[in-house]
Amino acid sequence: MVAPVDPNERVVLGITFGNSNSSIAYTVDDKAEVIANEDGDRQIPTVLSYVDGDEYYGAQAKAFLIRNPNNTIAYFRDFLGKDFKSIDPTHCHAAAHPKDISGHVSFTVKDKPQGEDEEEEVEPSTVSIDETATRYIRRLVQSASDYLGKTVTSTVITVPTNFTEKQREALIKAANAAGLEVLQLISDPVAAVLAYDARKEAAISDKIVVVADLGGTRSDVTVIASRGGMYTILATVHDYDFAGVHLDNALMDHFAKEFMKKHEVDPRNNARSLAKLRLESEATKKALSLGTNAQFSVESLADGFDFSATINRVRYEMVGRKVFEGFNRLVESAVKKAELDVLDVDEVIMCGGTSHTPRIANNLANIFPETTTILAPATSTVAINPSELQARGHRH
């Protein structure tokens, strides 16, 4: 345990610890500000990578998935507090694989520097999931402390609604080991609602809210009743089949086929080509959320062939149609699970990185009546950045 901090000495950081990306927030003059790290990123990939004893995290670590996948740990948050036999390691196949060390999830990475003898192989270390989480949280805290010019002592962390007691305990322990006092764990969807309700202009009214938290590797849809400033969760739906990574996959298949038309080589058959394809497809997806056209370009994609192509938003929406339809069904199923009708819903709050995609917001606007407010960049001028919602919310 961390020694209790004098309340007057507390420097509190809000942490959204995601499976794909994380963010950090600090309150200035009663307003939560999402902090950029030293790379200028507000969305910080939840990735650690080790190169000759140096630890990288965030976007730099994510870039190493191309050249150094075996020493790069990614998509690990959901493994916290779980037995090895109950995890789904699918998303780690292009990074360090989770290993079963007496039932506990661990990773084997070369995180020590090369010794004097260049010939000698560096002995890999076994890093437990708990230690991995601690190392990553430590980096977030360091970034925030550097930015604020004072040492962060305490934190409020958001967690998914399906985190078990064991997972919550593991997260608190990991944060304590990083030197943090954990003041509270707050559920992701409630943090998202709070971010809107905490705004000065917000009129707090009784309402039914759907929080569509669409992330990189998972989607969580929650129906919340807000009554007299109290939040009650009516239903939650968790899904791993419709998330940002599935939109990346649709683009990867599209560009791989275009490449094969020219070169008769499938870039998906080679690990490094596949990693390049994935990274650029994700960048293209993000570009298509902002603009109507995007350029896909990779040097030496496969067999030494460079490849570039353009895609417009209409084509992308056709390529990803099945995934987009999946998001619709997910949201509808949550409303049904709450034994409500779409007509009962006052607002839909979209959060998570995938919520930047205009097609998803526009589809939801078609599902719900006109009286329902869809709070997303594509459908509302007052929408808060979906990637920053939860980090802003846990400061209130």
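The preceding data block contains the structure.
For clarity, every value in this text was computed on a predicted model and none was experimentally measured.

A. Region of the structure containing the nonpolar core. V210, F255, L277, V348, M350 and F368 are the most contacted members of the largest nonpolar core, which has 46 residues in total. For F255, the contacting residues outside a window of four places in its chain are L277, S281, T284, F296, F307, A309 and I311. Grouped together as the second largest cluster of nonpolar side chains are 41 residues, L48, I87, F107 and L140 included.

B. Inspection of the pairing of strand β15 (residues 230–239) at higher detail. The sheet contact formed by strand β14 (residues 219–227) and β15 spans nine bridges and is antiparallel. Bridged to I224 within β15 is I233. The antiparallel pairing of β14 with β15 creates a hairpin that spans two residues between the two strands, and G228 there sits at a positive phi of about 55°.

C. Up close: the sheet that holds strand β6 (residues 54–57). Ordered in space as β6-β5-β7, the three strands form an open sheet in which the pairing is antiparallel. Each edge of the open sheet is held by one strand with a lone partner, namely β6 and β7 (72–74). Going across the sheet, the axis of each strand differs from the next one's by a mean of 15°, ignoring polarity. Judged from the four bridges that link them, strand β5 (residues 47–51) and β6 form a sheet pairing that is antiparallel. Note on β6: the bridge partner recorded for Y50 is E55. Against the sheet, helix α2 (residues 129–148) contacts β5, β6 and β7, and its axis sits at roughly 75° relative to β6.

D. Layout of the sheet that holds strand β10 (residues 125–128). The sheet built from three strands is open, its strands ordered β8-β9-β10 with antiparallel pairing. The open sheet is flanked by β8 (99–101) and β10, the only strands paired with a single partner. Recorded for the sheet is a direction-independent mean angle of 50° between the axes of neighbouring strands. With three bridges joining them, β8 and strand β9 (residues 104–109) adopt antiparallel strand pairing. Within the sheet, the bridge partner assigned to I101 lies in β9 and is H104.

E. Seen up close, the pattern of salt bridges. Using the criterion set out here, one finds 24 salt bridges in the structure. With a shortest N-O distance of 2.9 Å, R10 and E181 are connected by a salt bridge. In this pair, R10 sits in the segment before β1 (12–17) while E181 sits in strand β12 (residues 181–187), placing the two residues 171 residues apart along the sequence. When its relative accessible area of 31% is taken as the criterion, R10 is described as partly exposed. Here E181 falls in the buried class, since its relative accessible area comes to 11%. Of the charged contacts in the structure, one is a salt bridge between K166 and D83, with a shortest N-O distance of 3.2 Å. Of this pair, K166 sits in helix α3 (residues 165–177) while D83 sits in the loop between β7 and β8, and the two are 83 residues apart along the sequence. Since its relative accessible area comes to 46%, K166 is described here as partly exposed. In the salt-bridge network here, residues are joined through shared partners; they are R77, D78, R218 and D220.

F. Examining the side chain of T357 more closely. Mapped onto the elements, T357 comes out in the loop between β18 (347–351) and α9 (358–367). A relative accessible area of 4% means that T357 is categorised as buried. Polar contacts involving the side chain of T357 include one to the main-chain carbonyl oxygen of T354, which spans 2.9 Å. If sequence neighbours within four positions are ignored, T357 has contacts with L247, S289, Y316 and F324.

G. Region of interest: helix α1 (residues 59–67). Every buried residue of α1 is listed here: A61, K62, F64, L65 and I66. In this structure, the buried residues of α1 make contact with β4 (44–45), β5, β6, β7 and α6 (271–290).

H. Region of the structure containing the environment of E201. Residue position: E201 is located in the loop between α4 (188–197) and β13 (207–214). Classification of E201 by relative accessible area gives exposed; the value is 59%. Sequence separation between E201 and L247 is 46 residues, and the spatial gap between their C-alpha atoms is 35 Å.

I. How the structure looks around the pairing of β5. Among the five residues in β5, four count as buried, and that is most of the element. The hairpin turn running from β5 into β6, its antiparallel successor, is two residues long, and D52 in that turn takes a positive phi close to 45°.

J. Quick peek at helix α8 (residues 321–337). For α8, which comprises 17 residues, the first-to-last C-alpha distance of 24 Å matches the rise-based estimate of 24 Å (1.5 Å per residue) to within 8%. Those residues of α8 that sit buried are V323, F324, G326, F327, N328, L330, V331, A334 and V335. Against the buried residues of α8 lie β13, β14, β15, α5 (244–263), α7 (313–319) and α9. E339 sits one or two positions beyond α8 and adopts a positive phi of about 60°.

K. Summary view of the packing of α8 against α9. The interhelical angle for the contact between α8 and α9, taken along N-to-C directions, is 45°, at an axis separation of 10 Å. Classed by the angle they form, the pair α8 and α9 counts as oblique. The way α8 lies across α9 gives a crossing that is right-handed. Contact residues: α8 offers F324, F327, N328, V331 and E332, while α9 offers R359, I360, N363, L364 and I367. When grouped by side-chain class, the residues that make up the contact of α8 with α9 number six nonpolar, two polar and two charged.

L. How the structure looks around the environment of G14. Positionally, G14 belongs in strand β1. In this structure G14 comes out as buried when scored by relative accessible area, which is 0%. For the pair G14 and Q390, spaced 376 residues apart in the sequence, the C-alpha separation amounts to 8.8 Å.

Thresholds applied
- Residues numbered from 1 in each chain as written.
- Predicted model: local features only at pLDDT ≥ 70, side-chain atom pairs only at ≥ 80, totals over all residues.
- Heavy atoms only, no water.
- Core = buried A, V, L, I, M, F, W, Y, C linked by side-chain atoms within 4.5 Å.
- Buried < 20%, exposed > 50% of the residue type's maximum accessible area, 1.4 Å probe, protein only.
- Contact = heavy atoms within 4.5 Å.
- Pairing = 2+ DSSP bridges.
- Helix = DSSP H or I, 4+ residues; strand = E, 2+ residues; numbered from the N terminus.
- Axes fitted to C-alpha atoms, helices over the stretch in contact; angles between N-to-C directions.
- Salt bridge = Lys/Arg side-chain N within 4 Å of Asp/Glu carboxyl O.
- Polar contact = N/O pair within 3.5 Å; in protein donor to acceptor, adjacent residues only side chain to side chain.
- Expected span 1.5 Å × (residues − 1).
- Parallel < 35°, antiparallel > 145°, perpendicular 65-115°, else oblique.
- Left-handed = near helix turned anticlockwise from the far one by under 90°.
- Nonpolar A, V, L, I, M, F, W, Y, C, P; charged D, E, K, R; others polar.

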